[in-house]
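These are the residues of each chain, in order.
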Amino acid sequence: MTVRKKILITGASSGLGEGMARQFAARGRDLALCARRTDRLDALAAELRSAHGVTVLTSALDVNDHDRVFEVFKEFREEFGTLDRIIVNAGLGKGQPIGTGRFDANKQTLETNFVAALAQAEAAMEIFRDQRAGHLVFVSSFSALRGLPKNLTAYAASKAGLSALADGIRADVAGKPIKVTTLLPGYIESEMSARSEGRNPLQAGAEAGARAMVKAIEREPAKAFVPTFPWLPLSVIMRFAPLPVLRKFA
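What counts, and at which threshold
Residues numbered from 1 in each chain as written. Predicted model: local features only at pLDDT ≥ 70, side-chain atom pairs only at ≥ 80, totals over all residues. Heavy atoms only, no water. Phe/Tyr/Trp six-rings, centres within 6.5 Å; stacked < 30°, edge-to-face > 60°. Helix = DSSP H or I, 4+ residues; strand = E, 2+ residues; numbered from the N terminus. Salt bridge = Lys/Arg side-chain N within 4 Å of Asp/Glu carboxyl O. Buried < 20%, exposed > 50% of the residue type's maximum accessible area, 1.4 Å probe, protein only. Axes fitted to C-alpha atoms, helices over the stretch in contact; angles between N-to-C directions. Parallel < 35°, antiparallel > 145°, perpendicular 65-115°, else oblique. Left-handed = near helix turned anticlockwise from the far one by under 90°. Contact = heavy atoms within 4.5 Å. Nonpolar A, V, L, I, M, F, W, Y, C, P; charged D, E, K, R; others polar.

## So, the packing of aromatic side chains
Under the criterion given, the structure shown has three aromatic pairs. Ring centres of Phe142 and Phe225 lie 6.1 Å apart, and the angle between their planes is 70 degrees; this geometry places the pair in the edge-to-face category. Of this pair, Phe142 sits in the loop between β5 (134–139) and α5 (153–172) while Phe225 sits in strand β7 (residues 223–226), and the two are 83 residues apart along the sequence. Connected via pairs of aromatic rings, a cluster forms that spans Phe142, Tyr187, Phe225 and Trp231.

Written out as structure tokens, the structure reads:
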């Protein structure tokens with residue numbers, strides 16, 4: 001197994017990004033963390049440096065500022081000398097049912113989860129192509145498997161697009177020393193899932209979810225459902241479920 005020492009994570013100030021940063025720091029990896037909320041980001045960085053003795057760089061980044069994405073990724077690479085793994089994690093779960101007057105929310109969800117992810121992928125792949133090595137990780141979603149109703153319609157569409165983007169890049173670099181992984185998390189406790197907290201029996205705890213994600217990332221598979229159980233078995237059901245069943249996932 002290739003050990004990726006220097007890891008960049010977007011959206012690292014909370015939720016899954018923060019959880020992954022903690023898990024990687026505990027494994028002795030150096031981190032480049034970026035997010036909008038720099039107060040939380042800097043507090044996390046100080047904690048991880050103290051607890052694990054790793055190098056942690058931070059930078060303010062709104063991934064919807066596409067020019068800034070390229071600048072930040074380049075700056076991190078220059079400071080570290082190399083970036084071994086880049087995790088496209090920053091995302092938004094703000095969708096509303098289509099046709100209910102919330103085009104603004106659905107547009108923002110698609111722009112953040114897909115267009116901004118494209119900017120991150122472009123910046124990452126420029127670095128990896130130049131280095132002739134690297135591991136690009138996309139945090140997609142179990143919801144990418146099917147179109148979903150209600151508040152998940154735009155979100156699921158954005159994650160399906162993200163998964164397709166990852167598939168295309170993976171095919172493009174097949175046979176080269178650049179790996180591409182798509183993570184498809186199920187319900188994991190985070191700020192994004194807070195509104196459904198307490199009524200979802202399938203939801204994994206934040207620490208357990210982050211641990212499962214990092215374990216999967218370290219294997220560098222093409223795709224991984226996390227946690228594996230129950231989401232891998234459920235993926236089979238999801239692909240063939242009739243529409244009334246799909247409503248239960250929303």
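## Looking at the pattern of salt bridges
Within the structure shown, the criterion is met by 17 salt bridges. The partner of Glu47 in a salt bridge is Arg22, and the shortest N-O contact between them spans 2.4 Å. A residue pair is termed long-range when its members are at least 10 positions apart, and Glu47 in helix α2 (residues 38–52) and Arg22 in helix α1 (residues 15–26) qualify at 25 residues. Under the relative-accessibility criterion, Glu47 is labelled partly exposed at 39%. By relative accessible area, Arg22 is classed as partly exposed at 31%. Taking the shortest distance from any N to any O, the salt bridge between Lys223 and Asp167 comes out at 3.5 Å.

## Here's the deal with the packing of α1 against α2
α2 packs onto α1 with a crossing angle of 20 degrees between their chain directions and a minimal axis gap of 10 Å. Considering their axes alone, α1 and α2 lie roughly parallel with respect to each other. Of the two elements, α1 crosses α2, and the hand of that crossing is right-handed. Residues Glu18, Ala21, Arg22, Ala25 and Ala26 of α1 form the contact with α2, whose own contacting residues are Arg40, Leu44, Glu47, Leu48 and His52. Partitioning the contact of α1 with α2 into residue classes produces five nonpolar, one polar and four charged.

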